[in-house]
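Chain by chain, the residues:
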Amino acid sequence: MKVELKRVNDAVHFEASGSGSVKVHIDGSPEIGGQGLGVRPMELVLTALGSCSSLDLIQILKKQRQEIKDFSVEVAGERKDGVPAVFTKIHMNFKLSGTIDQAKAEKAAELAVKKYCSVHDMLAAGGVEITYSLELNS
């Protein structure tokens, strides 16, 4: 796996690309010259965890023939003071609607987060406490 980042301006705005043609814009904080032109790097870490877990959760529920009408996840992280300001705790709140069995959703979330998500394992191995919750609506 490989990604490439190219600087877009004379500050700290970058464009990242992976194996496909989709580009992700990344920018730093205003304190280091960021201009709000992209996602900050630590936000990308939260995005990676949320998307990794979500992709797996959706796949598991689909295999169980659960009907998902809407899906979102909110990911919030707490960071330690100082440099480096690494994450110490992250909480994901999955919000699903559709015809979904509560017990199946809970088991699927556990598998998605704790067994299949590589990003979870990488962060947890570094000492980050990762929790999640699940909200189901019809």
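Please refer to the structure higher up on the page.
All of the points below concern the structure found in this document.

About the cut-offs
Residues numbered from 1 in each chain as written. Predicted model: local features only at pLDDT ≥ 70, side-chain atom pairs only at ≥ 80, totals over all residues. Heavy atoms only, no water. Pairing = 2+ DSSP bridges. Helix = DSSP H or I, 4+ residues; strand = E, 2+ residues; numbered from the N terminus. Axes fitted to C-alpha atoms, helices over the stretch in contact; angles between N-to-C directions. Expected span 1.5 Å × (residues − 1). Buried < 20%, exposed > 50% of the residue type's maximum accessible area, 1.4 Å probe, protein only. Contact = heavy atoms within 4.5 Å. Parallel < 35°, antiparallel > 145°, perpendicular 65-115°, else oblique. Nonpolar A, V, L, I, M, F, W, Y, C, P; charged D, E, K, R; others polar. Core = buried A, V, L, I, M, F, W, Y, C linked by side-chain atoms within 4.5 Å. Phe/Tyr/Trp six-rings, centres within 6.5 Å; stacked < 30°, edge-to-face > 60°.

## A few points about the sheet that holds strand β1 (residues 4-7)
Move 1: A sheet is described by the order of its strands in space; here 3 strands give the open sequence β1-β2-β3, paired in antiparallel fashion. If you trace the sheet from one side to the other, it starts and ends with β1 and β3 (23-26), each paired once. Here the average twist between neighbouring strands, direction ignored, is 25°.
Move 2: For strand β2 (residues 14-17) and β3, the ladder comprises 4 bridges, and the chain directions are antiparallel. Each bridged residue has a counterpart across the sheet, and for Phe 14 the counterpart in β3 is Ile 26.

## Regarding helix α1 (residues 41-63)
Each turn of an α-helix holds 3.6 residues, which means side chains three or four residues apart point in the same direction.
Move 1: Counted at 1.5 Å a residue, the expected span for α1 with its 23 residues is 33 Å, and the 33 Å between its end C-alpha atoms agrees.
Move 2: Those residues of α1 that fall on the buried side of the exposure criterion are Leu 46, Leu 49, Gly 50, Cys 52, Ser 53, Ser 54, Leu 57, Ile 60 and Leu 61.
Move 3: Where the residues of α1 are buried, they touch β4 (67-79), β5 (87-99), α2 (102-116), α3 (118-125) and β6 (129-137).
Move 4: Backbone geometry just after α1 places Arg 65 at a positive phi near 60°.

## A closer look at the packing of α2 against α3
Move 1: Following both chains from N to C, one finds α2 and α3 inclined at 55°, their axes separated by 6 Å at the closest point. By the angle class used here, α2 and α3 are oblique. In this structure, α2 contributes Val 113, Lys 114, Lys 115 and Tyr 116 to the contact, and α3 contributes Ser 118, His 120 and Asp 121.
Move 2: Of the residues assigned to the contact of α2 with α3, the class counts are 2 nonpolar, 2 polar and 3 charged.

## Comments concerning the sheet that holds β4
The pairing of strands in a sheet happens through backbone hydrogen bonds and is either parallel or antiparallel.
Move 1: In space, the 3 strands of this open sheet follow the order β4-β5-β6, with mixed pairing throughout. Of all strands in the sheet, those bounded by a partner on one side alone are β4 and β6. Put simply, the sheet's adjacent strands are angled 15° from each other on average, direction ignored.
Move 2: Bridge count between β4 and β5: 12 bridges; the pairing is antiparallel. Counterpart to Gly 77 in the pairing with β5 is Ile 90.
Move 3: Docked against the sheet, α1 engages β4, β5 and β6, running at close to 35° with respect to β5.

## What about the nonpolar core?
Move 1: Counting residues in hydrophobic clusters, the biggest one holds 23 residues, and the most contacted among them are Leu 49, Leu 57, Leu 61, Ile 90, Phe 94, Leu 123 and Ile 130.
Move 2: For this core, the elements supplying multiple residues, two or more each, are α1, β5, α2, α3 and β6.
Move 3: A total of 6 residues in this core trace back to one element, the largest contributor, which is α1.
Move 4: Excluding residues that lie within four positions of it along the chain, Leu 57 makes contacts with Phe 71, Phe 94, Ala 105, Ala 108, Ala 109 and Ala 112.

## A closer look at the pairing of β2
Move 1: Two strands pair when backbone bridges link them, and β1 and β2 are joined in this way by 4 bridges, in the antiparallel orientation. Across the sheet, Lys 6 pairs through a bridge with Glu 15, a residue of β2.

## Topic: the packing of aromatic side chains
Move 1: On inspection of all chains with the given rule, the structure shows 2 aromatic pairs.
Move 2: Ring plane angle 50° and centroid distance 6.2 Å describe the contact between Phe 71 and Phe 94, whose orientation is recorded as tilted. One end of the pair, Phe 71, is in strand β4; the other, Phe 94, is in strand β5, and 23 residues separate them in sequence.
Move 3: With a centroid separation of 6.4 Å and an interplanar angle of 65°, the aromatic rings of Phe 94 and Tyr 132 are classed as edge-to-face.

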